[in-house]
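Observations on the three-dimensional arrangement
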Amino acid sequence: MRPGVALKPGTPIEEVYPLINSENPVEMVLVMTVEPGFGGQKFMPEMMEKVRMLRNKYPSLDIEVDGGLGPSTIDVAASAGANCIVAGSSVFGAPEPAAVISLMRKSVLENQEKC
Ligand SMILES: O=C(CO)[C@@H](O)[C@H](O)COP(=O)(O)O
């Protein structure tokens, strides 16, 4: 099992640190980039500060983002340090879903190489 935890937009990043630093740590943090509830919402770029802070503090942590991710927002998320991407509308609404997934994977991999 790989435990994870999700942060709503209004939850300060500091609240997750004790869970990562614990002797039984979470291995993945999901930073919600929309309010949880439904797909098709607008990506909240201000959440990238949380992603950057986590990536700086925990270089090998899995950091997931969920909400409004697609070709127009993936680079911002990947360059902030997100390496797990949840995308609904941008994939299911695309004529070629595999091409969208491929583009997002490429962005994450390219940004990981810069670290
Ligand atoms: O369900 C939610 C939030 O609760 C969505 O964030 C989906 O998980 C992803 O949908 P898109 O934002 O990619 O359409």
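Coordinates for the structure precede this section.
Reference entry: report on the structure contained in this document. (Residues numbered from 1 in each chain as written. Predicted model: local features only at pLDDT ≥ 70, side-chain atom pairs only at ≥ 80, totals over all residues. Heavy atoms only, no water.)

Let's shift gears to the pairing of strand β2 (residues 28-32). A regular strand carries its side chains on alternate faces of the sheet. Most of β2 is tucked away, with four of its five residues classed as buried. Of the strand pairs in this sheet, strand β1 (residues 4-7) and β2 are connected by four bridges, and their pairing is parallel. Residue pairing across strands places Val5 opposite Val29, the latter belonging to β2. Bridging between β2 and strand β3 (residues 62-66) involves five bridges; their strand directions are parallel. Following the sheet pairing, Val29 is matched in β3 by Ile63. (Buried < 20%, exposed > 50% of the residue type's maximum accessible area, 1.4 Å probe, protein only. Helix = DSSP H or I, 4+ residues; strand = E, 2+ residues; numbered from the N terminus. Pairing = 2+ DSSP bridges.)

Around the ligand, 14 residues are found, and the nearest of them are Gly37, Gly40, Asp66, Gly88 and Ser89. The contact in question runs from an oxygen atom of the ligand to an N or O atom on the side chain of Asp66, over 2.7 Å. The separation between an oxygen atom of the ligand and a polar main-chain atom of Gly68 is 2.8 Å. Looking at the shell around the ligand, its residues break down into six nonpolar, seven polar and one charged. (Near = heavy atom within 4 Å. Polar contact = N/O pair within 3.5 Å; in protein donor to acceptor, adjacent residues only side chain to side chain. Nonpolar A, V, L, I, M, F, W, Y, C, P; charged D, E, K, R; others polar.)

Applying the stated criterion across every chain yields a total of one aromatic pair. Here Tyr17 and Tyr58 contribute two aromatic rings whose centre-to-centre distance is 6.1 Å and whose plane-to-plane angle is 55 degrees, an arrangement assigned as tilted. One end of the pair, Tyr17, is in helix α1 (residues 17-20); the other, Tyr58, is in the loop between α2 (48-57) and β3, with 41 residues separating them in the sequence. Of the two residues examined, Tyr17 and Tyr58, each falls in the buried class. Over the face of the ring belonging to Tyr17 we find Lys57, whose NZ or CZ atom lies 4.7 Å from the ring centre. (Phe/Tyr/Trp six-rings, centres within 6.5 Å; stacked < 30°, edge-to-face > 60°. Lys NZ or Arg CZ within 6 Å of the ring centre and 35° of its normal.)

Among the structural elements, Ile13 can be located in the loop between β1 and α1. Exposure remark for Ile13: the relative accessible area of 3% places this residue in the buried category. Measuring from C-alpha to C-alpha, the distance between Ile13 and Leu54 comes to 7.9 Å, with 41 residues separating the pair along the chain. When near neighbours in sequence (up to four residues on either side) are disregarded, Ile13 contacts Leu7, Lys50, Met53 and Leu54. (Contact = heavy atoms within 4.5 Å.)

Keep in mind these values describe shape, not function.
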